[in-house]
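Take a look at the letters that make up each chain.
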Amino acid sequence: MGELCIIDLMGRIVNKETTKYLDKKVKVCGWVNSIRSHGKIVFIDLRDMTGIVQLVCTSDIAKDIRPEWVIEVIGKVCKRPSKMVNPKIETGKIEISVEKLKVLSKAKTLPFSIDGDGYEINEEKRMKYRYLDLRRQRMKRNMIERQRVIQFIRDFLQKQGFIEIETPILTKSTPEGARDFIVPSRLQPGKFFALPQAPQQYKQLLQIAGIEKYFQIARCFRDEDPRADRQVEFTQLDLEMSFVEQKNVMDLTERLFIELVKKLYPEKKIQNIPFPRIPYEKAMKKYNTDRPDLRKNKNNPDLLAFCWIIDFPFFEKDDKNKWTFTHNPFSAPKPEFMQDLLKKKNIKNILTTQYDIVLNGWELGGGSIRNHRPEALEAVFETIGYRKKEIKDKFGHMLKAFEYGVPPHGGIAPGLDRFLAVLLKEPNIREVIAFPKTGDSRDLMMDGPSEVSEEQLKELKIKVIKKSKK
Ligand code: ASP
């Protein structure tokens, strides 16, 4: 697990580094993790972001000190007697003999223990006090690992010539298949922004802009019922490239995952390289799912079985017996089905260029080669029942942009939360997100969503209809 780069601030030495200062005087700061009193001598385990260091002090210095208080200590780094060495912690060979101890902040008794993994603690309680829950080592590790994975991705893609670009959060409703979160506009009363379900249209527009390799660690918002592998806001590695075919995007993604695992998690084994590429129909026949768990041995927690699912049907019937897209309306059909799409015939048989990447039974995400012919994109929207005017209102900007020289392009967007949950062997994505929401999408710590003032509503020209009490 990861190294953390530490910068000393104000002459403070972080706990992990104290071992380098044998027989020297240092200043350390942190939280009181535990206190053990042996009469006149008191041992304090001091915790900071880098770990624990043992303090030894006289009982008069340590009197009144309680767990989780924040303290600053000046003392000498001493070698521990050999039988007192603690091999379990990095600083186990030394301790700090305290000369001065200053209390920076007191703490109440915590609402739960932060010693263990915390899985047994009521999760709503953990969420309400997330800032305390994040003090536990497992959660801190998850945050650090998340950062390492993101850093690796950034470095990898930048080396391949990708540019990281932020796209708007206040945007227009897009059809990614889920419900939008909408945000009222004060300056245009009665109109609404939508939060992006994905930066799909922006990343395509960036290809038209000539940014041939785009990526973003992108926050996406979908107003769906959360599940173990879903939150209403989540993070994707969103990328898009010009002048590519299906194989190129898949190969690049595959290489990224393989190199990431090899470099950051060498203890893990990827079951099959290259990743198997399974047509949807075959997956359904053989595994009865389009996200099969291909691990040969499910008891081996460090086994990673990636696979690709390809050749999905482009359209399916919805519950009203109308055609809808299965994945992404902006996808191109496989080339041999382009004529069918343009003529809107054999709808059922049209296959899309969509590719989904699956890991140990979790759908990490997917992507496709895009439909860069405006008439073909229009044919998709007509097939799913949009009228000409609706197409113009909703996607006029895309169709217009397509008139000015579009490179063939494609991309993918693997979910980072899911990938991290599998890598870190966590049962759900909430464990790898700093501030997740509950099953009914509340933020228990901030108490959101919340009511807003009459004034705010008035400014927005919005009236809330309260349900009458029965
Ligand atoms: N925008 C798609 C999604 O969020 C991914 C992609 O096709 O790039 O699922």
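Residues numbered from 1 in each chain as written. Predicted model: local features only at pLDDT ≥ 70, side-chain atom pairs only at ≥ 80, totals over all residues. Heavy atoms only, no water.

S.K.: Could you give an account of the environment of E378, with specific residues and numbers?
M.R.: Along the chain, E378 falls in helix α9 (residues 374–383). For the pair formed by E378 and P329, sequence separation is 49 residues and the distance between their alpha carbons is 9.9 Å. (Helix = DSSP H or I, 4+ residues; strand = E, 2+ residues; numbered from the N terminus.)

S.K.: Let's hear about the sheet that holds strand β2 (residues 41–48): which residues, and what values?
M.R.: The five strands are arranged β1-β2-β3-β5-β4 in a closed barrel whose pairing can be described as mixed. Within the sheet, the average angular offset between the axes of one strand and its neighbour, ignoring direction, is 55°. With two bridges joining them, strand β3 (residues 51–58) and strand β5 (residues 94–105) adopt parallel strand pairing. The residue of β5 that forms the bridge with V56 is S97. (Pairing = 2+ DSSP bridges. Axes fitted to C-alpha atoms, helices over the stretch in contact; angles between N-to-C directions.)

S.K.: Residue-level account of the side chain of E72, with values.
M.R.: Of note, E72 is situated in strand β4 (residues 70–79). Of the buried charged residues, E72 lacks a salt bridge, with K27 as the closest side chain of opposite charge at 4.3 Å. When residues no more than four places from it in sequence are discounted, the contact partners of E72 are K27, V28, C29, K100, L101, K102 and L104. (Buried < 20%, exposed > 50% of the residue type's maximum accessible area, 1.4 Å probe, protein only. Lys, Arg positive; Asp, Glu negative; His and termini not counted. Salt bridge = Lys/Arg side-chain N within 4 Å of Asp/Glu carboxyl O. Contact = heavy atoms within 4.5 Å.)

S.K.: Lay out the pairing of strand β17 (residues 355–359) in plain terms, naming residues and giving numbers.
M.R.: Within β17, five of the five residues are buried, leaving the element largely enclosed by the surrounding structure. Side-chain alternation along β17 places Y355, I357 and L359 on one buried face and D356 and V358 on a second face that is also buried. In the sheet, strand β14 (residues 306–310) pairs with β17 via five bridges, with the strands oriented antiparallel. Within β17, the position partnered with C307 by the bridge is V358. Where β17 hands over to strand β18 (residues 362–369), the hairpin turn is made up of two residues, of which N360 adopts a positive phi near 45°.

S.K.: Quick rundown of the site of the ligand? Include the residues and the values.
M.R.: Around the ligand sit twelve residues, and of these Q200, K203, R222, Q236 and R370 come closest. Between a nitrogen atom of the ligand and a side-chain N or O atom of Q200, the distance comes to 2.7 Å. Here Q236 contributes a side-chain N or O atom positioned 2.9 Å from an oxygen atom of the ligand. Look at the ligand: alone it shows 270 Å² of surface, and the protein chains cover 88% of it. Contributions of two or more residues to the shell around the ligand are made by α5 (200–208), β18 and β19 (409–414). Among the residues making up the shell around the ligand, the classes are represented as three nonpolar, five polar and four charged. (Near = heavy atom within 4 Å. Polar contact = N/O pair within 3.5 Å; in protein donor to acceptor, adjacent residues only side chain to side chain. Areas by Shrake-Rupley, 256 points an atom, 1.4 Å probe, with all protein chains shown as cover. Nonpolar A, V, L, I, M, F, W, Y, C, P; charged D, E, K, R; others polar.)

In short, shape yes, function no, at least from these values alone.
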